[in-house]
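Working through the structure, step by step
Chain residues, written in single-letter form:
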Amino acid sequence: MKQLLSILIIILTINITLAQNDSDGYDPFNNATVAIGGGIFMPQGNLSTYFGTAPFFEISGNFPLKRKRAVGATLQIVIPNQKDDFLYRRTIDTIQVKSTMMVNFTLDFKKTIRSFGKGNLNLKLGIGASGITTDARNPFYSGQEGEEKYEIVGAILFSPGLEYKHEFNENTKFIIGVSMNYAPYKIEGAVRENIGGLAFVPKITYVF
C-alpha cells in the first residue's frame, strides 16, 4: 500500500512538472486550489452487505493546465458503517474482522466538458488506492518502525465521475460532484469473502 501511494505521488509530480514545461510559461502552481468538504459513501452490490451508508471527509488539490485540463490529488477518509463482519485470511489463521476506517487516495485527471457563466462541468478520472484498517491486531507486530499494528486490507482504486464547480464570487467557490468508486478488495489476497468494492460517492467541497 505504501509503495503504491509513493508511486502515485511521484507520477503526479512528474505530470505537473511536464505540464509546466510544455505550457509556454503557464505555471499551474500559481493557479492551484485546495478544496475541503465531505459527502456520503454509499456502498453498492456485495459491498452493501457488509457496509452501510456512511459520511466521509475529503481534502483535494487541483492544478489547472491549458486546454481545459487539470491534474490533482484527493484524500478521502470514510467513517465506516459496518453491517457485518468479513473473513480475513492470515498465514496463521482466518478471523472475522470489523473495519475501523477507510482511506481512499487518488490522482485525478480532469477535463472541462462544458462551461457556463459562473461554472464548469468537469469529467474526472481518479486512479489510486483504497485501504481498510481493521480491528485485528497484526500477530507479527514487534513495534519496529514501518510495521502496521493492525491488519489492513488494500486494493487499487478507480474513481470516474463528474464535478460541477460554481463560482458565486471571487472568494466563494463550491464543487458539487458525484463519483463511482471501484476497489476490488478480493484480489488483495487476504479477504476470503468477495465483499465487493463498488460505491456511489456524492460530495460537496469548498474551494480556497
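Above this text sits the structure in question.
In this report, we go over the structure that sits alongside the text. Here the residue numbers are simple positions, counted from 1 along each chain's written sequence. The predicted nature of this model means local features are confined to residues of pLDDT at least 70 and side-chain atom pairs, given and counted, to a pLDDT of 80 or more, with totals for whole chains, interfaces and linings taken over all residues. The basis for every side-chain value is the complete set of non-hydrogen atoms in the structure, without hydrogens or water.

Looking at empty space enclosed by the protein
Over the atoms, a rolled probe matching the size of one water molecule traces out where space is still vacant. Only protein atoms enter the 1 Å grid used here. Points where a 1.4 Å probe fits but cannot escape make up a cavity, open sets with protein on both sides within 12 Å along at least five of seven lines make up a pocket, and a residue lines them when an atom lies within 4 Å of a point. Grid points are joined across faces, edges and corners, and a volume is the space filled by probe spheres set on the points. Summed over all chains, the structure comprises two cavities of 30 Å³ or more. By volume, the largest cavity is sized at about 60 Å³. Lining the largest cavity, in full, are Glu58, Thr74, Gln76, Asn104, Phe105, Thr106, Lys124, Leu157, Ser159, Asn181 and Lys203. Broken down by secondary-structure element, the contributors of at least two residues to the lining of the largest cavity are strand 4 (69-78), strand 8 (99-115) and strand 10 (150-169). Only DSSP runs of H or I with at least four residues qualify as helices, and only runs of E with at least two residues qualify as strands; both kinds are numbered from the N terminus onward. The greatest single-element share of the lining of the largest cavity, amounting to three residues, is contributed by strand 8. We call Asp, Glu, Lys and Arg charged. Ala, Val, Leu, Ile, Met, Phe, Trp, Tyr, Cys and Pro are nonpolar, and the rest, Gly among them, are polar. Taken together, the residues that form the lining of the largest cavity break down as two nonpolar, six polar and three charged. Along the walls of the second largest cavity sit Phe41, Leu47, Met102, Asn104, Ser130, Leu157, Asn181, Ala183, Tyr185 and Gly197, which together make up its complete lining. Tallied by class, residues from the lining of the second largest cavity come to six nonpolar, four polar and no charged.

Here we look at a nonpolar patch on the surface
Taken together, Val34, Ile36, Phe57, Ile59, Leu75, Ile77, Ile79, Met101 and Phe208 make up a surface patch of nonpolar side chains, about 770 Å² in accessible area. For the nonpolar patch, the secondary structure elements donating two or more residues are strand 1 (33-44), strand 3 (54-64) and strand 4. Inspection of the secondary structure puts methionine 101 in strand 8. Relative accessible area decides the class of each residue, using a 1.4 Å probe on protein chains only: under 20% of the type maximum gives buried, over 50% gives exposed, and in between gives partly exposed. A relative accessible area of 31% means that methionine 101 is categorised as partly exposed. The patches described consist of residues with a relative accessible area above 30% and no salt bridge, like charges being joined within 9 Å and nonpolar side chains (Val, Leu, Ile, Met, Phe, Trp, Tyr) within 5 Å. Per-residue and other accessible areas were derived by the Shrake-Rupley procedure at a 1.4 Å probe size, with only the shown protein chains allowed to occlude residues. Salt bridges are defined by distance alone: a side-chain nitrogen of Lys or Arg within 4 Å of a carboxyl oxygen of Asp or Glu.

Here we look at the sheet that holds strand 4
Note on pairing: DSSP must find at least two bridges between two strands before they are called paired. Taken in spatial order, the eight strands close into a barrel running 1-3-4-8-9-10-11-12, and their pairing is antiparallel. Averaged over neighbouring strand pairs, the angle between their axes works out to 25° when direction is ignored. Sheet analysis places strand 11 (residues 172-182) next to strand 12 (residues 198-207), joined by 10 bridges and oriented antiparallel. By the bridge assignment for strand 12, methionine 180 is matched with phenylalanine 200. Structural elements are reduced to axes, namely lines fitted to C-alpha atoms, with helices fitted over the stretch in contact, and the angle between N-to-C directions of any two is expressed from 0 to 180 degrees.

Let's talk about the side chain of lysine 124
With respect to the element layout, lysine 124 can be found in strand 9 (residues 119-137). Here a residue-residue contact requires only that any non-hydrogen atoms of the pair lie within 4.5 Å. Once residues within four sequence positions are removed from consideration, lysine 124 is found in contact with Asp108, Phe109, Lys110, Ser159, Pro160, Gly161, Glu163 and Ser179.

Brief notes about the packing of aromatic side chains
Stacked, edge-to-face and tilted labels apply to pairs of Phe, Tyr and Trp rings (six-membered ring for Trp) whose centres lie within 6.5 Å, assigned for plane angles under 30 degrees, over 60, and everything in between, in that order. Applying the stated criterion across every chain yields a total of six aromatic pairs. Centre to centre, the rings of tyrosine 50 and phenylalanine 86 are 6.4 Å apart; their planes meet at 85°, and the pair counts as edge-to-face. Here the residue tyrosine 50 occupies a position in helix 2 (residues 47-50), and phenylalanine 86 occupies one in strand 6 (residues 86-89), the gap between them amounting to 36 residues. One exposure class covers both tyrosine 50 and phenylalanine 86, and it is buried. When the ring of tyrosine 206 is compared with that of phenylalanine 208, the centres are 5.1 Å apart and the planes differ by 85°; the resulting orientation is edge-to-face. Residue phenylalanine 208 is classed as exposed on the basis of its relative accessible area, which comes to 56%.

Focus: the nonpolar core
Nonpolar core, defined: a set of buried Ala, Val, Leu, Ile, Met, Phe, Trp, Tyr and Cys residues in which side-chain atoms within 4.5 Å join the residues together. Of all hydrophobic cores here, the largest spans 23 residues; its most connected members are Phe41, Leu47, Phe51, Phe86, Val153, Tyr185 and Ile195. At the level of elements, helix 2, strand 3, strand 6, strand 9, strand 10 and strand 12 are the ones that each hand at least two residues to this core. A total of three residues in this core trace back to one element, the largest contributor, which is strand 10. Filtering out sequence-adjacent residues up to four positions away, isoleucine 195 remains in contact with Asn46, Leu47, Tyr50, Phe51, Phe86 and Tyr185.

Comments concerning the layout of surface pockets
Approximately 360 Å³ is the volume found for the largest pocket. Asn62, Ala70, Lys110, Asn122 and Lys165 are, among the 24 residues lining the largest pocket, the residues nearest its centre. Where the lining of the largest pocket is concerned, the elements lending two or more residues are strand 1, strand 3, strand 4, strand 8, strand 9, strand 10 and strand 12. Broken down by element, the lining of the largest pocket gets its largest block of residues, five residues, from strand 3.

As far as function goes, none of this settles anything; it's purely spatial.
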